[in-house]
Amino acid sequence: MDHLLEFLTRSLVDEPDAVSVETAEEEDALVLELRVAGDDAGQVIGRRGRTIGALRTVMRAVGASQDRRVLVDLVD
């Protein structure tokens, strides 16, 4: 799952080598912590949060197909 998020994010940013995803398990969810270069954070967030919202929706759908709850956090 983290590879999919990384692939999608790399296609959005100017510095794809700076993209990294770390996974963390919480009690009821898989948390994907997304890190990008400082200048690319705005591109990942998008206007009014639409881009990050779309990424979260896709990852939730993938998680639902595997009966898992998935959260995406954009980490500074």
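1. Some thoughts on the overall build of the protein chain
Phase 1 of the analysis: Counting secondary structure elements, the protein chain contains three helices and three strands.
Phase 2 of the analysis: Overall, the protein chain is about 35 × 20 × 20 Å in size when its C-alpha atoms are taken along their principal axes.
Phase 3 of the analysis: Taking all 76 residues of the protein chain together, the buried fraction comes to 26%.
Phase 4 of the analysis: A separation threshold of at least 6 residues defines the contact pool for the protein chain, and within that pool the share at least 24 residues apart is 53%.

2. Observations regarding the pattern of salt bridges
Phase 1 of the analysis: Taken as a whole and judged by the stated rule, the model has five salt bridges.
Phase 2 of the analysis: Taking the shortest distance from any N to any O, the salt bridge between Asp-17 and Arg-10 comes out at 3.8 Å.
Phase 3 of the analysis: Overall, the relative accessible area of 30% leaves Arg-10 in the partly exposed class.
Phase 4 of the analysis: Sharing partners across several salt bridges, the network here consists of Glu-6, Arg-10 and Asp-17.

3. Regarding the sheet that holds strand E1 (residues 20-25)
Phase 1 of the analysis: A sheet is described by the order of its strands in space; here three strands give the open sequence E1-E2-E3, paired in mixed fashion. If you trace the sheet from one side to the other, it starts and ends with E1 and strand E3 (70-75), each paired once. The sheet shows a mean angle of 25 degrees between the axes of neighbouring strands, direction not considered.
Phase 2 of the analysis: Where strand E2 (residues 30-35) lies against E3, six bridges are found, and the strand directions are parallel. Within the sheet, the bridge partner assigned to Leu-32 lies in E3 and is Val-72.
Phase 3 of the analysis: Seen against the sheet, helix H3 (residues 50-65) touches E2 and E3 and runs at an angle of roughly 150 degrees to E3.

Rules and cut-offs
- All residue numbers refer to position in the chain's written sequence, counted from 1.
- Thresholds applied to this predicted model are a pLDDT of at least 70 for local features of residues and 80 or more for the giving and counting of side-chain atom pairs; totals over whole chains, interfaces and linings are not thresholded and use all residues.
- Where side-chain values are given, they derive from all heavy atoms of the structure, hydrogens and water being excluded.
- Numbering goes from the N terminus for both helices and strands, where a helix is a DSSP run of H or I of at least four residues and a strand is a run of E of at least two.
- Between buried and exposed lies partly exposed: a residue is buried under 20% and exposed over 50% of the maximum accessible area for its type, with that area taken using a 1.4 Å probe on protein chains only.
- Contacts between residues were defined by any pair of non-hydrogen atoms, one from each residue, lying within 4.5 Å.
- Only one rule defines a salt bridge in this text: a Lys or Arg side-chain nitrogen within 4 Å of an Asp or Glu carboxyl oxygen.
- A pair of strands is considered paired only if DSSP assigns at least 2 bridges between the two.
- Here an angle of 0 to 180 degrees is reported between the N-to-C directions of two axes, which are lines fitted to C-alpha atoms, with helices fitted over the stretch in contact.

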